Amino acid sequence: MSEPVPHGRDQMMIRLERISKRYPGQSADAVAELNLDVKQGEIVVLVGPSGCGKTTTLRMINRLVQPSQGRIYLDGEDVTQIDATRLRRRIGYVIQQVGLFPHMTVGRNVGLIPKILGQDGQQIAERVDELLALVGLNPDQYRERYPRELSGGQQQRVGVARALAADPPVMLMDEPFGAIDPITRERLQDEFLSLQQRIGKTIVFVTHDIQEAIKLGDRIAIFGPDSTIAQYDTPERILAHPADDFVRSFVGAGAAVRSLGLLHLRDLPLPACERVEDRRTISEDATLYDALDAMLQAGVDELAVAGAGDAPPRLLRWADAIRARERAATGSERAATGSARSGEAP
Ligand SMILES: Nc1ncnc2c1ncn2[C@@H]1O[C@H](COP(=O)(O)OP(=O)(O)OP(=O)(O)O)[C@@H](O)[C@H]1O
Ligand SMILES: [Mg+2]
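Q: I keep staring at the overall build of the protein chain and nothing clicks. Help me out?
A: Of regular secondary structure, the protein chain possesses 13 helices and 13 strands. Radius of gyration (C-alpha) of the protein chain: 22 Å, near the 20 Å computed for a compact globule of 346 residues. Taking the principal axes of the C-alpha coordinates as reference, the protein chain spans close to 65 × 50 × 40 Å. For the protein chain, with 346 residues in total, the buried portion stands at 36%. Sequence separation of 24 or more characterises 64% of the internal contacts of the protein chain that already satisfy a separation of 6 or more.

The structure is reproduced here in structure tokens:
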């Protein structure tokens, strides 16, 4: 994934070029001259206050909303004018209120698009089971249920499975975890990230919640109140270098502490650890946030970091942890995940 791509353009999955939308009868643009590039395999999160144009932007990508101006490119192709139905087969869409058909079973909801695409019954049944398993729902248990017989979080997963049914390279997700309690939401976010590790889709994800944006996004576009993008950057750099007062207030207090949660111990250059048996140990899957929390709780300033498999343990000292965060805040590369996409943010 870190191989350089010969033509930068080929790597760009979605490009919005000076896209605007003015709804009929309105005196102002809902979205104004917006530019946005999304790389292949990247999760881009659109975040901003209510009414700032996030859903409108998302729906212009699959042309559920027709742009008033500007151009849309998908995988290098100008799709501004192409047949919208054909376009939508290449784009999965999870809408703001899940939108499962209440009179259809879970299985039929998920199999809807393959059926429209003319796949045969056996093929569809296999695909439905595969997708339900993928989103963590046992097919035998859930296939024949109706949406009202599921919890909110389970309905969200069915919505995600349905959007994945045609195996589109691009997924648009509008507040898919919006109506879910914080604990379940956190679990769904973790599942979403591990699912994305396996499927590697290009995803545009809308949320109100800056915490969710920081956790999920490879890059975040923060919409300002005037329906333009106030900052488009990695979570690290938005936390460390907010572009203006609006972004600063939107990100809120505690930015430095929150950025600790983006750094995983496995990605830090750390020295070997002697006398492991004398020290508290932490897994290298933990974040710098977890590590500093563990140090404070135990009243120590050093931890042994257990490596994966046979890898020898390494040593994390408090001062090194502080320096690692500083480096990340000034650096350009996202260090949050080992599999992070390569390439420079603008
Ligand atoms: N069909 C429509 N006709 C007229 N105005 C609309 C229409 N849909 C949306 N708008 C307006 O366009 C602006 C952007 O709406 P949009 O739904 O894109 O916001 P949003 O950022 O998704 O908000 P939320 O966070 O509340 O979902 C709003 O001012 C809204 O009132
Ligand atoms: Mg919306």
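Q: Sorry, what's going on with the site of ligand 1 here?
A: Looking at ligand 1, the residues that line it are Tyr23, Gln26, Ala30, Ser50, Gly51, Cys52, Gly53, Lys54, Thr55, Thr56 and His208. Here the residues of the shell around ligand 1 are counted per class, giving three nonpolar, seven polar and one charged.

Q: Got a minute to help me understand the packing of helix H3 (residues 106–116) against helix H4 (residues 121–134) in this structure?
A: A pair of packed helices is captured by two measures, namely the crossing angle of their axes and the spacing between those axes. Remark: H3 packs on H4, axes separated minimally by 9 Å, with the N-to-C direction vectors making an angle of 125°. Taken as axis vectors, H3 and H4 run oblique relative to one another. Handedness of the crossing formed by H3 with H4: right-handed. On H4, the residues touching Gly107, Val110, Gly111, Pro114 and Lys115 of H3 are Ile124, Arg127, Val128, Leu131 and Leu132.

Q: In this structure, what is going on with the sheet that holds strand E6 (residues 91–94)? I would like to understand it.
A: The strands that make up a sheet are held in pairs by hydrogen bonds between backbone atoms, and each pair lies either parallel or antiparallel. Strands sit in the order E6-E7-E8-E3-E9-E10 across an open sheet of six strands; the sheet is mixed. A single partner strand is all that each edge strand has here, and the edge strands are E6 and strand E10 (229–233). Neighbour-to-neighbour, the strand axes of the sheet open up by a mean angle of 15°, direction not taken into account. Where strand E7 (residues 170–174) and strand E8 (residues 202–207) come together, five bridges link them in parallel fashion. Note on E8: the bridge partner recorded for methionine 173 is phenylalanine 205. Here helix H1 (residues 54–61) sits on the sheet and contacts strand E3 (43–47), E6, E7, E8 and strand E9 (219–223); the angle it forms with E8, its principal contact strand, is near 155°.

Q: What am I meant to see in the nonpolar core here?
A: Across soluble globular proteins, nonpolar side chains show a tendency to be buried alongside one another. Counting residues in hydrophobic clusters, the biggest one holds 64 residues, and the most contacted among them are Val45, Ala161, Leu172, Val204 and Ile222. What leucine 172 contacts, discounting residues up to four positions off in sequence, is Leu58, Ile61, Asn62, Ile91, Gly92, Tyr93 and Val204. Within the second largest apolar cluster, 15 residues are counted, among which are Leu262, Leu268, Leu303 and Ala321.

Q: I tried to follow the packing of helix H12 (residues 288–298) against helix H13 (residues 318–330) on my own but got confused; where do I start?
A: Contact pair H12 / H13: the axes reach a minimum separation of 11 Å and the direction vectors enclose 150°. By the angle class used here, H12 and H13 are roughly antiparallel. The hand of the H12/H13 crossing is left-handed. Where H12 approaches H13, its residues Leu288, Ala291, Leu292 and Met295 are matched on the opposing element by Trp318, Ala321, Ala324 and Arg325.

Q: Even after reading the chapter, I still don't get H4, so can you show me in this structure?
A: Think of an α-helix as 3.6 residues a turn; residues three or four steps apart then line up on the same face. The end-to-end C-alpha distance of H4 is 20 Å, a good match for the 20 Å that 14 residues give at a rise of 1.5 Å each. The complete set of buried residues in H4 reads Ile124, Arg127, Val128, Leu131 and Leu132. Taken down its axis, H4 places every buried residue within 130° of arc, on the same side. Phi for glycine 136, located one or two positions after H4, is positive at around 85°.

Q: Would you explain the sheet that holds strand E13 (residues 314–317) in this entry?
A: Spatially, the three strands line up as an open sheet ordered E11-E12-E13, and their pairing is mixed. Strand pairing shows two members of the sheet lacking a second neighbour, strand E11 (281–283) and E13, which therefore form its edges. Put simply, the sheet's adjacent strands are angled 40° from each other on average, direction ignored. Direction of pairing for strand E12 (residues 302–306) relative to E13: antiparallel, over a ladder of four bridges. Of the residues in E13, the one forming a bridge with alanine 304 is leucine 315.

Q: Explain the pairing of E12 here, please?
A: The side chains of a regular strand alternate, residue by residue, between the two faces of the sheet. Residues Leu303 and Val305 line the buried face of E12, whereas the alternating positions Glu302, Ala304 and Ala306 sit on a face that is not buried. For E11 and E12, the ladder comprises three bridges, and the chain directions are parallel. Bridged to isoleucine 282 within E12 is valine 305. In this fold, E11 hands off to H12, which returns the chain to E12; that crossover is right-handed.

Q: Would you take a moment to explain the environment of aspartate 209 for this structure?
A: Tracing the backbone shows aspartate 209 in the loop between E8 and helix H8 (210–216). Of the residues examined, aspartate 209 has 16 C-beta atoms within 10 Å and is grouped as partly exposed. Each C-alpha atom, one on aspartate 209 and one on proline 147, is 26 Å from the other, the two residues being 62 residues apart in sequence.

Q: What should I look at first to understand the confidence of the model for the protein chain in this one?
A: Averaged over every residue, the pLDDT of the protein chain is 85; residues scoring 70 or more account for 91%. Model confidence for the protein chain, summarised as mean pLDDT per element, is weakest for helix H11 (residues 255–259) at 81 and strongest for E3 at 96. Predicted confidence for residues 1–10 stays below pLDDT 50, and this span has eight contacts to residues more than four positions away or in other chains. Low pLDDT, under 50, characterises residues 332–346; the predicted model gives this stretch 28 contacts beyond four residues in sequence or across chains.

Conventions used here
- Residue numbers run consecutively from 1 along every chain, following the written order of its sequence.
- For this description, chains carry letters from A and ligands carry numbers from 1, given in the order in which they are written.
- Local features in this predicted model are restricted to residues whose pLDDT is 70 or higher, and side-chain atom pairs enter the listing and the counts only when it is 80 or higher, whereas totals over whole chains, interfaces and linings include all residues.
- We count a stretch as a helix when DSSP gives it H or I for four or more residues in a row; a strand needs E for two or more, and each element gets its number in order from the N terminus.
- With C-alpha atoms as the basis for the radius of gyration, the globule rule is written as 2.2 Å multiplied by the number of residues raised to the power 0.38.
- A residue is called partly exposed when the number of other C-beta atoms within 10 Å of its own lies between 12 and 20, exposed at 12 or fewer, and buried at 20 or more, with C-beta atoms placed from the backbone.
- In this description, any two residues whose backbone-derived C-beta atoms lie within 7 Å of each other are considered to be in contact.
- The rule is simple: place the C-beta atom from the backbone, and if it lies within 6 Å of a molecule or strand, the residue is near it.
- Think of it as three bins: nonpolar holds Ala, Val, Leu, Ile, Met, Phe, Trp, Tyr, Cys and Pro, charged holds Asp, Glu, Lys and Arg, and polar takes everything else, Gly as well.
- Geometry is summarised by axes, namely lines fitted to C-alpha atoms with helices restricted to the contacting stretch, and by angles between N-to-C directions that run from 0 to 180 degrees.
- Working definition: roughly parallel below 35 degrees, roughly antiparallel above 145 degrees, roughly perpendicular at 65 to 115 degrees, and oblique for all remaining angles.
- By definition, turning the near helix anticlockwise from the far helix through less than a right angle yields a left-handed crossing, and turning it clockwise yields a right-handed one.
- Two strands qualify as a pair provided that DSSP identifies no fewer than 2 bridges between them.
- Structurally, a nonpolar core is described as a collection of buried Ala, Val, Leu, Ile, Met, Phe, Trp, Tyr and Cys residues joined by way of C-beta atoms within 7 Å.
- Expected helix span is given by 1.5 Å per residue-to-residue step, counting one fewer step than there are residues.
- By arc we mean the arc of the directions from the helix axis to the C-beta atoms, nothing more.
- A clockwise course of the path from the first strand over the helix to the second, judged with the strands pointing away from the viewer, identifies a crossover as right-handed.
- Confidence of the predictor in every single residue is expressed as pLDDT, which spans 0 to 100.

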